[in-house]
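# Observations on chain architecture
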Amino acid sequence: MEFNDSSINTIVAGKDGGKDLLTIGLKQAYGSKPNFQRYMRQEYERGKDLDSNYIFKFIAVNDDAEKGVVVTMEWEDSRDLTEWLREGHSDDEKRKIFRQVANAIDYIHSKGLVHGCLNASNIFITRKGDDVKLLTFKVRYTDIMKQPQESLKFVAPEAKDGTVGLDVRADIYSLGVLLKTLGFDMEYHNVIEKCCRFGRNERFEDVASLLEAVDKHRYNRPADELTDAQPTISSNKKMAVIIAIIAVLVCVAVALLVAQSGDDQSQNEAQQTEQPDSLAQDGKNSNEQGQADQNSNYEAQDENANQLGDSTVEAQGDNAFLTDLVPQMRTDLDKIYNSGADQATVKQRVASYYKGLRRVLKKQHKTSTQLDAFDKAFAEYVNQKNQ
């Protein structure tokens, strides 16, 4: 089996004397060039002493008439991480994979080495046992533009520009991307954020620190809880501030709409003064009747809103945040419904308001259960307002 990609290397899995082997050589255009032959030997020398259950071991380096220098490694029937993820696996199975990869990287660091190119294409999972086998041979590309985007996202910023020598924190960055690739971008949001900071001095200093953070933060917490610092403001207060900002924006929009309606009414009155007295009088009577009907409608809506707003929200447990959120939400919705805008405009504003609140809650890292509770409360109130 040959692995095809845009690198300068040829990678073939097969058997030799009944033994599974992985052979890595150079494509024809590069096989005879001394600098690439030297690179192959350097990769072998760098990894030949690595011996871990989670790493493919180096076996030999030889000269080949066609491929120049060829590195031989052990192999076991496996698929790469991308293919493994397509099969569908539980979170516990994914956590196992992450920890095995992290342990392999920690072992490499203990030998004074840096992997430097960890990505989904060199993380293999055996078909028997679903255990990690990491390929430590660094596949080479003629330039960074040739490297697949899926692999490039794992590369730390300092590794892309080549301005500084790499240290263990380049692998910490890649492990953060791995957590996200495995689908833990919400559960370990703050751990990932710390792993993937642009400045390497701001990342975890080693794998042990990273794994400790993973163990302590199996659910999402405010970013400052990654350290011993106490949060400067509670989540409920943050939510209240954000909702207040949204409320101000809604009030501004309503005020602009009312001002525009006032301008339109002034223009209509000006036009009416130019009409014959009888027509003006008819128009006045019609406007007065329409305004009375509209005021009556507003009064009915306000009364209905007050009755709905009086009902208290006493959420318990994980949904306690609704106790502060729902009353403010109802007030904001009342302003939208009472703005006097046409039905289509009101519907659009309600939808925009909902999306805005939903985004805020997601940024607060509410669980899917909490989001469902919010959706239910929002839908129930909107349905009552639409009746």
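To continue, consider the overall build of the protein chain. A count of helical and extended segments in the protein chain gives 13 helices and 8 strands. The long-range share in the protein chain, meaning contacts at least 24 apart out of those at least 6 apart in sequence, stands at 62%.

Take the pattern of salt bridges next. Going through the model one piece at a time under the given rule, you end up with 22 salt bridges. One salt bridge in this structure joins Arg79 and Asp130, with 3.0 Å as the shortest N-O distance. Placement of the pair is Arg79 in strand β6 (residues 78–80) and Asp130 in the loop between β7 (123–126) and β8 (132–134), with a sequence separation of 51 residues. The partner of Asp215 in a salt bridge is Arg99, and the shortest N-O contact between them spans 2.7 Å. Taken together, the positions of Asp215 in helix α8 (residues 207–216) and Arg99 in helix α3 (residues 91–110) put the pair 116 residues apart, joining distant regions of the chain. Residues participating in the shared-partner salt-bridge network are Asp77, Glu83 and Arg127.

Moving on to the sheet that holds β7. Here 3 strands make up an open sheet; going across it, the order is β6-β7-β8 and the pairing antiparallel. What marks the edges here is a single partner per strand, and that holds for β6 and β8. Across the sheet, the axes of successive neighbouring strands diverge by a mean angle of 35°, strand direction being ignored. For β7 and β8, the ladder comprises 3 bridges, and the chain directions are antiparallel. Bridge pairing in β8 links Ile123 to Leu134.

The next thing to look at is the pairing of β7. Residues Ile123 and Ile125 point to one face of β7 and Phe124 and Thr126 to the other, with burial holding for every one of them. Bridge analysis of β6 against β7 gives 3 bridges, and the strand direction is antiparallel. Within β7, the residue paired with Ser78 across the bridge is Thr126. Hairpin connection between β7 and β8: a loop of 5 residues separates the two successive antiparallel strands, and Gly129 in this loop has a positive phi of roughly 100°.

Here we take up the packing of α3 against α8. Running from N to C, α3 and α8 cross one another at 160°; their axes reach a closest spacing of 10 Å. Classified by the interaxial angle, the pair formed by α3 and α8 is roughly antiparallel. Relative to α8, α3 is oriented so that their crossing is left-handed. Contacts between α3 and α8 involve Phe98, Arg99, Ala102, Asn103, Ile105, Asp106 and His109 from the former and Val207, Leu210, Leu211, Val214 and Asp215 from the latter. Residues belonging to the contact of α3 with α8 are distributed by class as follows: 7 nonpolar, 2 polar and 3 charged.

Helical geometry note: an α-helix holds 3.6 residues per turn, so side chains three or four residues apart project in the same direction. Here helix α1 (residues 34–47) spans 20 Å end to end across 14 residues, near enough to the 20 Å set by a 1.5 Å rise per residue. Regarding α1, the residues found buried are Phe36, Tyr39, Met40, Glu43, Tyr44 and Gly47. The buried residues of α1 occupy one face: seen down the axis, they fall within an arc of 135°. On its buried face, α1 is in contact with β2 (9–16), β3 (19–26), β4 (58–64) and β5 (68–74).

Among the nonpolar cores identified, the biggest contains 39 residues, and Leu81, Phe98, Val101, Leu175, Leu178, Val191 and Leu210 are the most heavily contacted of them. Considering every element that reaches this core, the biggest residue donor is α3, with 8 residues. Every residue in contact with Phe98, bar those within four places of it in the chain, is listed here: Leu175, Leu178, Leu179, Leu182, Leu210, Leu211 and Val214.

Our focus in this paragraph is the pairing of β3. Alignment of β2 against β3, held across 8 bridges, turns out to be antiparallel. Directly across from Lys15, in β3, lies its bridge partner Asp20. With antiparallel pairing between neighbouring strands as the criterion, β2 and β3 make up a hairpin whose turn holds 2 residues, including Gly17 at a positive phi of roughly 65°. Pairing of β3 with β5, which is carried by 4 bridges, proceeds in the antiparallel orientation. Across the sheet, Leu21 pairs through a bridge with Glu74, a residue of β5.

Moving on, we come to the side chain of Ser174. Within the secondary structure, Ser174 is located in helix α6 (residues 168–181). The buried category is assigned to Ser174, whose relative accessible area is 3%. Ignoring anything within four residues of it in the chain, the contact list for Ser174 reads Leu118 and Phe154.

Parameters at a glance
Residues numbered from 1 in each chain as written. Predicted model: local features only at pLDDT ≥ 70, side-chain atom pairs only at ≥ 80, totals over all residues. Heavy atoms only, no water. Helix = DSSP H or I, 4+ residues; strand = E, 2+ residues; numbered from the N terminus. Contact = heavy atoms within 4.5 Å. Salt bridge = Lys/Arg side-chain N within 4 Å of Asp/Glu carboxyl O. Pairing = 2+ DSSP bridges. Axes fitted to C-alpha atoms, helices over the stretch in contact; angles between N-to-C directions. Buried < 20%, exposed > 50% of the residue type's maximum accessible area, 1.4 Å probe, protein only. Parallel < 35°, antiparallel > 145°, perpendicular 65-115°, else oblique. Left-handed = near helix turned anticlockwise from the far one by under 90°. Nonpolar A, V, L, I, M, F, W, Y, C, P; charged D, E, K, R; others polar. Expected span 1.5 Å × (residues − 1). Arc of directions from axis to C-beta. Core = buried A, V, L, I, M, F, W, Y, C linked by side-chain atoms within 4.5 Å.

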